[in-house]
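Structural overview for review
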Amino acid sequence: SGRANIILHDITESGYEISEISGHLYDFKPAIFDNLFKCVKLIHFSIESASPKMQKLLNKKIDIEKAVNFIRYLTGNGVTAKTNFMFGLPTETDEDLLANIDLAVSIRGISDRVRMLPSIYIPQLKDDIISQFGYHKEIDFSLETFAKLDMATNRTRYLSKEIRPWMTEEDIEFYLDFMLLWFHHFDYVVRAAQKIDVEAIYRKNQRLARLFSR
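As a starting point, this report considers the structure included with it. Everything quoted here is computed from the prediction, not taken from an experiment.

Let's shift gears to the overall build of the chain. Helix and strand counts for the chain come out as 12 helices and four strands. Taken over C-alpha atoms, the radius of gyration comes to 19 Å for the chain, in line with the 17 Å a tight globule of 214 residues would show. When each of the 214 residues of the chain is scored for burial, the buried share is 48%. For the chain, contacts bridging at least 24 residues in sequence account for 66% of all contacts bridging at least 6. Counting every atom, the chain has about 11500 Å² of accessible surface; 51% of that belongs to carbon and sulfur. Taking the 28 positively charged and 30 negatively charged side chains of the chain as two groups, their mean positions are separated by 2 Å.

Written out as structure tokens, the structure is:
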């Protein structure tokens, strides 16, 4: 924190600003906050999941209460908070999805200076999740396949089945619409930039209508 404080202090003294800093929740220590808030406009960290089951699967245990308090503290000091949620993992259920939706609703109530971005799980060649479920022989890990990675699903309307053998075509369609709804409800930037027909999605998929009913 000593070195970080020196860097942040010098940035401020030089009249510069940092548009975004990314890190793990536990990287941000109180000792650097004073200098951090003077020059940083946005802080990004990942919650990944509010579901204990999905946290265990991802091997990423986050203290949800601490994460929410940190977001409250950031926005209270004029800093935009951005966090990620991950979806589409093997064995994910509506209960897991609802845990994230409920948390996102709570966070949204803190401030309008919060961005909550959704992402769909992308398997890696030596990923523990892949070996755990025995998918390493089913997934096409070729460069050709991964060159078409679906990084902007709300725009491309594309999710690769080749790298997610646990998903059916129905699952793919569900998650494509889920992502649109999440962006609409929980990310003010995309909501302002992209017209999303929420009611049409609800009419098409009653499961999504139930999930987002609250």
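Picking up after the structure, the text goes on.
All right, on to helix α5 (residues 94–108) then. Over its 15 residues, α5 extends 20 Å from the first C-alpha to the last, a length consistent with the 21 Å expected when each residue adds 1.5 Å. Within the span of α5, buried status applies to Asp 96, Leu 97, Asn 100, Ile 101, Leu 103, Ala 104 and Ile 107. The arc enclosing the buried residues of α5, seen along the axis, measures out at 165 degrees, which places them on a common side.

So, about the nonpolar core. Of all hydrophobic cores here, the largest spans 68 residues; its most connected members are Leu 36, Ile 107, Phe 178, Trp 182 and Phe 212. When residues in this core are grouped by element, the largest group, 11 residues, is from helix α9 (residues 169–186). For Trp 182, the contacting residues outside a window of four places in its chain are Phe 85, Phe 87, Asn 100, Ile 101, Ala 104, Met 116, Leu 117, Pro 118, Asp 187 and Phe 212.

A separate point is the side chain of Ser 160. Structurally, the position occupied by Ser 160 is in the loop between α8 (153–156) and α9. Look at Ser 160 and you get buried, because its relative accessible area is 2%. Within polar-contact distance, the side chain of Ser 160 engages the side chain of Glu 162 at 2.9 Å. Contacts of Ser 160, omitting those with residues within four sequence positions, involve Thr 145 and Asp 150.

Counting buried positions along strand β4 (residues 114–120) yields six of seven residues, so the element is predominantly enclosed. For the handedness criterion, the β-α-β arrangement of strand β3 (residues 80–87), α5 and β4 is classed as right-handed.

For strand β2 (residues 42–48), a buried count of seven out of seven residues is recorded, marking the element as mostly surrounded by other parts of the structure. Residues Leu 42, His 44, Ser 46 and Glu 48 point to one face of β2 and Ile 43, Phe 45 and Ile 47 to the other, with burial holding for every one of them. Here two bridges tie strand β1 (residues 21–22) to β2, and the two strands are oriented parallel to one another. Within β2, the residue paired with Ser 22 across the bridge is His 44. With six bridges connecting them, β2 and β3 associate as parallel partners. Among the inter-strand pairings, Glu 48 is bridged to a residue of β3, identified as Phe 85.

In this section: the sheet that holds β4. Paired through their backbone hydrogen bonds, the strands of a sheet run either parallel or antiparallel. Strand order in this open sheet of four strands is β1-β2-β3-β4, and the pairing throughout is parallel. Two strands bound the open sheet, and with one partner strand each, they are β1 and β4. When β3 meets β4, the two strands line up parallel, connected through seven bridges. From the neighbouring strand, Lys 82 faces β4, where its bridge partner is Arg 115. Against the sheet, α5 engages β2, β3 and β4, with an angle of about 170 degrees to β3.

Rules of the game
- Residues numbered from 1 in each chain as written.
- Predicted model: local features only at pLDDT ≥ 70, side-chain atom pairs only at ≥ 80, totals over all residues.
- Heavy atoms only, no water.
- Helix = DSSP H or I, 4+ residues; strand = E, 2+ residues; numbered from the N terminus.
- Rg over C-alpha atoms; globule rule 2.2 N^0.38 Å.
- Buried < 20%, exposed > 50% of the residue type's maximum accessible area, 1.4 Å probe, protein only.
- Contact = heavy atoms within 4.5 Å.
- Areas by Shrake-Rupley, 256 points an atom, 1.4 Å probe, with all protein chains shown as cover.
- Lys, Arg positive; Asp, Glu negative; His and termini not counted.
- Charge placed at Lys NZ, Arg CZ, Asp CG, Glu CD.
- Expected span 1.5 Å × (residues − 1).
- Arc of directions from axis to C-beta.
- Core = buried A, V, L, I, M, F, W, Y, C linked by side-chain atoms within 4.5 Å.
- Polar contact = N/O pair within 3.5 Å; in protein donor to acceptor, adjacent residues only side chain to side chain.
- Right-handed = clockwise from strand over helix to strand, strands pointing away.
- Pairing = 2+ DSSP bridges.
- Axes fitted to C-alpha atoms, helices over the stretch in contact; angles between N-to-C directions.

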